[in-house]
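Here is what each chain is made of, one letter per residue.
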Amino acid sequence: MTASRIPYGRQDISDDDVAAVIDTLKSDFLTQGPAIPRFEKALADYCGAKHALAVNSATSALHIACLALGLGKGDVLWTSPITFVASANAGLYCGAEVDFVDIDPATFNMCPDKLEAKLEQAKRDGRLPKIVIPVHMTGQSCDMEAIGNLAKVYGFRVIEDASHAVGGRYRDRHVGACEHSDIAVFSFHPVKIITTAEGGMAMTNDDELAARMALFRSHGVTRDPKLLEQKDEGPWYYEQHELGFNYRITDLQAALGLSQMSRLDEFVRRRHEIAARYDELLADLPVVIPHRRQDTYSAFHLYVIRVPARVGKPDRRKVFESMAAAGIGVNVHYFPVHAQPYYRANGHAGSSFPESELYYSEAITLPLFPGLTPDDQDRVVNALRDALDA
Ligand SMILES: *Cc1c(COP(=O)(O)O)cnc(C)c1O
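Remember, predicted model here, so these are calculated numbers, not experimental data. (Residues numbered from 1 in each chain as written. Predicted model: local features only at pLDDT ≥ 70, side-chain atom pairs only at ≥ 80, totals over all residues. Heavy atoms only, no water.)

S.K.: What exactly am I supposed to notice about helix H10 (residues 316-325) here?
M.R.: For an α-helix, 3.6 residues make a turn, and residues three or four places apart therefore share a direction. Where H10 is concerned, the buried positions are Arg316, Val319 and Met323. Buried positions in H10, seen along its axis, are confined to an arc of 65° and lie on one side of it. Those residues of H10 that are exposed and aimed more than 90 degrees away from the buried face are Arg317, Lys318 and Ala325. Buried-residue contacts for H10 involve helix H12 (354-362), strand E14 (363-366) and helix H13 (374-388). Immediately beyond the C-terminal end of H10, within one or two residues, lies Gly327, with a positive phi of roughly 85°. (Buried < 20%, exposed > 50% of the residue type's maximum accessible area, 1.4 Å probe, protein only. Helix = DSSP H or I, 4+ residues; strand = E, 2+ residues; numbered from the N terminus. Arc of directions from axis to C-beta. Contact = heavy atoms within 4.5 Å.)

Structure follows, in structure tokens:
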């Protein structure tokens with residue numbers, strides 16, 4: 001018997017989730033129905049944020065967040081090199097210039113000290129960023145108080161890319177409370193903590209930002225009688241005020257998301273259980289296990305180990321290939337964005353972020369999802385032990 005391949009991430013869909021989607025299919029609304037505001041309210045209440053706007057992906061949420069904050073041509077946006085390309089692309093969609101701030105090698109998150117040093121230089125150069133997007137890499141919050149304080153001093157706005165972090169906490173608040181940011185964005189892609197197949201959410205406490213994001217989510221069009229600029233022509237009348245998009249989520253997806261939310265805390269608890277067991281099983285291996293900041297509770301989207309180079313021993317690539325050959329769905333998150341061909345060709349040919357590059361050369365993501373069994377985990381660790389030749 002050959003063992004099946006263990007993926008690095010996998011959704012967990014219950015009978016209740018299936019029933020919720022089927023009920024919606026049989027209802028009057030497939031999109032723009034009652035499930036969307038219910039899903040939004042549930043997440044706003046959960047996070048302790050005033051507003052939640054559901055959209056068709058986190059990428060869309062990042063885009064409307066940047067638009068609502070007025071990002072445009074001539075502006076500058078900074079994010080982390082260690083992220084999915086969408087965090088940086090949001091700036092380019094708006095015609096802004098994108099630059100990066102190197103990571104803290106322990107957490108893989110944007111380093112506040114490096115951010116401060118870069119802000120000082122940018123101030124001297126008269127090129128301060130309008131928006132900074134810290135990314136809660138692997139589900140562990142960035143040092144948001146430090147970043148929020150720098151935002152006040154240097155006058156930039158903050159969008160948290162919390163795609164990995166729904167269900168996580170920073171100090172005594174849930175990520176998404178936006179205590180130290182303008183907007184926080186979640187992703188509900190199937191590998192993430194909860195899923196709507198495709199989907200995302202933008203959280204904010206600011207009424208005006210919420211209204212602007214709602215406008216950009218749906219063609220820049222409004223029916224709100226208070227906002228109309230011309231004569232109200234009648235009940236059919238709407239006005240376009242901005243060049244918006246169709247970034248709406250469907251009711252089917254919102255019903256799935258709402259149903260998944262009832263297990264969000266359980267999913268995160270289960271991810272911690274698996275992560276703690278990995279910590280124990282890996283204790284005697286020549287790898288660096290994930291660092292936990294004492295003031296955060298990670299959502300544990302990813303369990304990333306670092307495999308430092310050892311003389312005469314298999315390097316990261318060899319270790320990855322051996323594990324993949326053993327049927328383990330290892331992954332690498334992420335190839336640094338500034339080194340992508342598109343970014344090299346658009347101003348970053350000479351860019352260097354040493355901690356990000358070193359991290360990238362050592363990182364391996366091990367499988368982690370609620371349905372991962374102890375037997376699966378033993379297989380992963382045995383394959384890693386063999387691959388390391390340890
Ligand atoms: C998944 C992810 C995104 C994009 O999410 P989508 O919902 O697929 O658009 C953005 N940023 C990070 C860090 C992600 O992991």
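S.K.: When you look at the site of the ligand in this model, what are you seeing that I'm missing?
M.R.: Neighbouring the ligand are 15 residues, the closest being Thr59, Asp161, His164, Ser187 and Lys192. At 3.0 Å, a side-chain N or O of Lys192 approaches an oxygen atom of the ligand. Between the ligand and Tyr334 there is a distance of 3.1 Å, counted from an oxygen atom to a side-chain nitrogen or oxygen. In isolation the ligand has 380 Å² of accessible area, and contact with the protein removes 92% of it. When residues of the shell around the ligand are traced back to their parent elements, those giving at least two are helix H3 (58-68) and helix H4 (86-93). Across the shell around the ligand, the residue classes break down as 5 nonpolar, 8 polar and 2 charged. (Near = heavy atom within 4 Å. Polar contact = N/O pair within 3.5 Å; in protein donor to acceptor, adjacent residues only side chain to side chain. Areas by Shrake-Rupley, 256 points an atom, 1.4 Å probe, with all protein chains shown as cover. Nonpolar A, V, L, I, M, F, W, Y, C, P; charged D, E, K, R; others polar.)

S.K.: Is there a simple way to think about the sheet that holds strand E6 (residues 169-170) in this case?
M.R.: Two pairing modes exist for strands in a sheet, parallel and antiparallel, and in both the strands are linked by backbone hydrogen bonds. Ordered by their spatial adjacency, 3 strands build an open sheet running E7-E6-E12, and the pairing between neighbours is antiparallel. Only two strands of the sheet have a single neighbouring strand rather than two, namely strand E7 (173-174) and strand E12 (296-297). As defined by bridge partners, E6 adjoins E7 across 2 bridges and the pair is classed as antiparallel. Within E7, the position partnered with Tyr170 by the bridge is Arg173. (Pairing = 2+ DSSP bridges.)

S.K.: Help me out: how do you make sense of the sheet that holds strand E3 (residues 97-100) in this one?
M.R.: Read across the open sheet, the 7 strands follow the order E1-E9-E8-E5-E4-E2-E3; overall the sheet is mixed. Each of the sheet's edge strands pairs with one partner strand only, and the pair in question is strand E1 (51-55) and E3. The mean angle between the axes of side-by-side strands here comes to 20°, regardless of whether they run parallel or antiparallel. Sheet topology places strand E8 (residues 183-187) next to strand E9 (residues 200-204); 5 bridges connect them, and they run antiparallel. Opposite Val185, over in E9, you have Ala202 as the bridge partner. The sheet strands contacting helix H7 (residues 207-217) are E1, strand E5 (157-161), E8 and E9, and the helix crosses E1 at an angle near 15°. (Axes fitted to C-alpha atoms, helices over the stretch in contact; angles between N-to-C directions.)

S.K.: It is not clear to me how the side chain of His338 should be interpreted in this structure. Could you clarify?
M.R.: Position of His338 relative to the elements: it lies in the loop between H10 and helix H11 (341-348). Residue contacts for His338: discarding those within four places in its chain leaves Pro81, Phe100, Tyr343, Arg344, His348, Ser351, Ser352, Phe353 and Glu357.

S.K.: What is the right way to look at a nonpolar patch on the surface in this model?
M.R.: Taken together, the side chains of Ile13, Val18 and Ile22 make up a nonpolar region of the molecular surface, amounting to roughly 220 Å² of accessible area. Relative to the elements of secondary structure, Val18 occurs in helix H1 (residues 15-25). (Patch = residues over 30% accessible without salt bridge, like charges linked within 9 Å, V, L, I, M, F, W, Y side chains within 5 Å. Salt bridge = Lys/Arg side-chain N within 4 Å of Asp/Glu carboxyl O.)

S.K.: Which parts of the structure should I look at to understand the pairing of strand E13 (residues 303-306)?
M.R.: Across a regular strand the side chains alternate sides, sitting on one face of the sheet and then on the other. Taking every second residue as pointing to the same face, both faces of E13 are buried, with Tyr303 and Ile305 on one and Val304 and Arg306 on the other. As paired strands, E13 and E14 are joined by 4 bridges and run antiparallel to one another. Its bridge partner being in E14, Ile305 is matched across the sheet by Ile364.

S.K.: Help me understand the pattern of salt bridges in this model?
M.R.: Two side chains of opposite charge can pair, provided their charged atoms sit close to one another. Throughout the structure, instances matching the rule amount to 27 salt bridges. The salt bridge partner of Asp99 is Lys118, with a shortest N-O separation of 3.0 Å. Of the two residues, Asp99 is situated in strand E3 and Lys118 in helix H5 (residues 112-125); the sequence distance between them amounts to 19 residues. Lys231 serves as the salt-bridge partner of Glu233, at 4.0 Å between the closest nitrogen and oxygen. Here the salt bridges share partners, and the residues they tie into one network are Asp143, Glu145, Arg171, Arg293 and Asp295.

S.K.: Which parts of the structure should I look at to understand the side chain of Ser298?
M.R.: By the secondary structure assignment, Ser298 is in the loop between E12 and E13. Take Ser298: its relative accessible area is 6%, and that puts it in the buried class. A distance of 3.3 Å separates a polar side-chain atom of Ser298 from the backbone oxygen of Gly139. Once residues lying within four places of it in the same chain are set aside, the contact partners of Ser298 are Thr138, Gly139, Gln140, Gly168, Val268 and His272.

S.K.: Can you help me understand the state of the cysteines in this one?
M.R.: By definition, a disulfide links the sulfur atoms of two cysteines through a covalent bond. Taken as a whole, this structure holds 0 disulfides when the rule is applied. With no disulfide partner, Cys47 has as its closest neighbouring cysteine sulfur the one in Cys178, 8.0 Å distant. The closest cysteine sulfur to the non-disulfide-bonded Cys142 is located on Cys111, 10 Å from its own sulfur. (Disulfide = S-S within 2.5 Å.)

S.K.: Which parts of the structure should I look at to understand the environment of Thr222?
M.R.: As for its placement among the helices and strands, Thr222 is situated in strand E10 (residues 221-222). Linking Thr222 and Ala339, residues 117 residues apart in sequence, is a C-alpha distance of 41 Å.

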